[in-house]
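What follows is the residue order along each chain.
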Amino acid sequence: MERAVQEMTDGGGEGQDQDPEEDLLKSKIEREKARYKEGFGKLRGLKREIEHIQKILENSRNKLQSDFEHWLSVMVRQQQGLIRSPVGKQQQERAAVRQAWGDTSNSTKKGKLATGSSNIAKSLNFDFEVDPVVLQKAKPLLTGNAEADRDIIKFYQARHKLVNS
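Residues numbered from 1 in each chain as written. Predicted model: local features only at pLDDT ≥ 70, side-chain atom pairs only at ≥ 80, totals over all residues. Heavy atoms only, no water.

Asker: Quick one: what's the story with the overall build of the protein chain, residue by residue and with numbers?
Answerer: Helix and strand content of the protein chain: six helices and zero strands. Secondary structure elements in the protein chain, listed N-terminal to C-terminal, are α-α-α-α-α-α. Taken across its 165 residues, the protein chain has 17% of its residues classed as buried. When the accessible area of the protein chain is evaluated, it comes to approximately 13,600 Å², of which 55% is carbon and sulfur surface. (Helix = DSSP H or I, 4+ residues; strand = E, 2+ residues; numbered from the N terminus. Buried < 20%, exposed > 50% of the residue type's maximum accessible area, 1.4 Å probe, protein only. Areas by Shrake-Rupley, 256 points an atom, 1.4 Å probe, with all protein chains shown as cover.)

Asker: Can you explain the pattern of salt bridges? Please cite residues and give values.
Answerer: If charged atoms from side chains of opposite charge come close, those side chains can pair. Throughout the structure, instances matching the rule amount to six salt bridges. For Glu 38, the salt bridge is made with Lys 42, and the minimal N-O distance between the two is 3.5 Å. A residue pair is termed a helical-turn pair when its members lie 3 or 4 positions apart in one helix, as Glu 38 and Lys 42 do in helix H2 (residues 20–79) at four residues. Assessed through its relative accessible area of 55%, Lys 42 is described here as exposed. Residue Asp 67 pairs with Lys 63 through a salt bridge whose shortest N-O separation is 3.2 Å. Within this pair, Asp 67 and its partner Lys 63 are both found in helix H2, separated by four residues, close to a single helical turn. (Salt bridge = Lys/Arg side-chain N within 4 Å of Asp/Glu carboxyl O.)

Asker: Break down the nonpolar core for me, citing the residues and quoting the values.
Answerer: Counting residues in each nonpolar core, the largest one holds eight residues, listed as Val 130, Val 134, Leu 135, Ala 138, Leu 142, Ile 152, Ile 153 and Tyr 156. Put simply, the parts of the chain that give this core at least two residues each are helix H5 (132–138) and helix H6 (146–164). (Core = buried A, V, L, I, M, F, W, Y, C linked by side-chain atoms within 4.5 Å.)

Asker: Pulling in residues and values, what's your account of the environment of Tyr 156?
Answerer: Considering the arrangement of structural elements, one finds Tyr 156 in helix H6. For Tyr 156, a relative accessible area of 17% corresponds to the buried category.

Asker: Quick rundown of the confidence of the model for the protein chain? Include the residues and the values.
Answerer: When pLDDT is averaged along the protein chain, the result is 76; 63% of the residues meet or exceed 70. Model confidence for the protein chain, summarised as mean pLDDT per element, is weakest for helix H4 (residues 113–123) at 52 and strongest for H2 at 94. (pLDDT = per-residue confidence, 0-100.)

Asker: Describe the packing of aromatic side chains, listing the residues and the values that go with them.
Answerer: The geometry of an aromatic ring pair is captured by two quantities: the separation of the ring centres and the angle between the planes. One pass over the full model with this rule turns up three aromatic pairs. Judged by centre distance (5.8 Å) and plane angle (35°), the rings of Phe 68 and Trp 71 are tilted. One end of the pair, Phe 68, and the other, Trp 71, are both in helix H2, three residues apart, so they sit about a helical turn from each other. Judged by its relative accessible area of 45%, Trp 71 is partly exposed. (Phe/Tyr/Trp six-rings, centres within 6.5 Å; stacked < 30°, edge-to-face > 60°.)

Asker: Account for H6, with residues named and values stated.
Answerer: Taking 1.5 Å per residue as the helical rise, H6 with its 19 residues ought to reach 27 Å, and the 26 Å between its terminal C-alpha atoms agrees with that figure. Inspection of H6 places Ala 146, Asp 149, Ile 152, Ile 153 and Tyr 156 among the buried residues, and these make up the whole buried set. Buried residues of H6 fall within an arc of 125° about the axis and therefore sit on the same side. In H6, the exposed positions angled more than 90 degrees off the buried face are occupied by Glu 147, Phe 155, Lys 161 and Leu 162. (Expected span 1.5 Å × (residues − 1). Arc of directions from axis to C-beta.)

In structure tokens form, the structure reads like this:
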């Protein structure tokens, strides 16, 4: 600062050589400006990327929400009997289970449990005997999927064996 005042009083400092210290400081300032601009540019790019990812996340969240709401409404309507589940192997397996239970109207009939247990085992291709008590407990949980029903019944058999031993 003092140097600037002295140059002004000496006639403006025109024609005099610049101070090497001043040149060094100016070059440091220029390098810092360049670093600042580079860092600022990187941050601006990261900000755009973050905003893009946030938009994708928000869209995904909205899609997940709408898909869930759609699924839930289908499940509720299906539970209320307003729509039927898809025709195919699963429906045939459920019909076989109902038929094996002697239940053609989706309601339980008393007195058919003993014969129903062997019929269910046959209709689901069980290669093991099923206790009628186990079948009674597992019946509400049967899905119509033979493999899943087999696993459910095996679970209830193991549970029944543990409880009664």
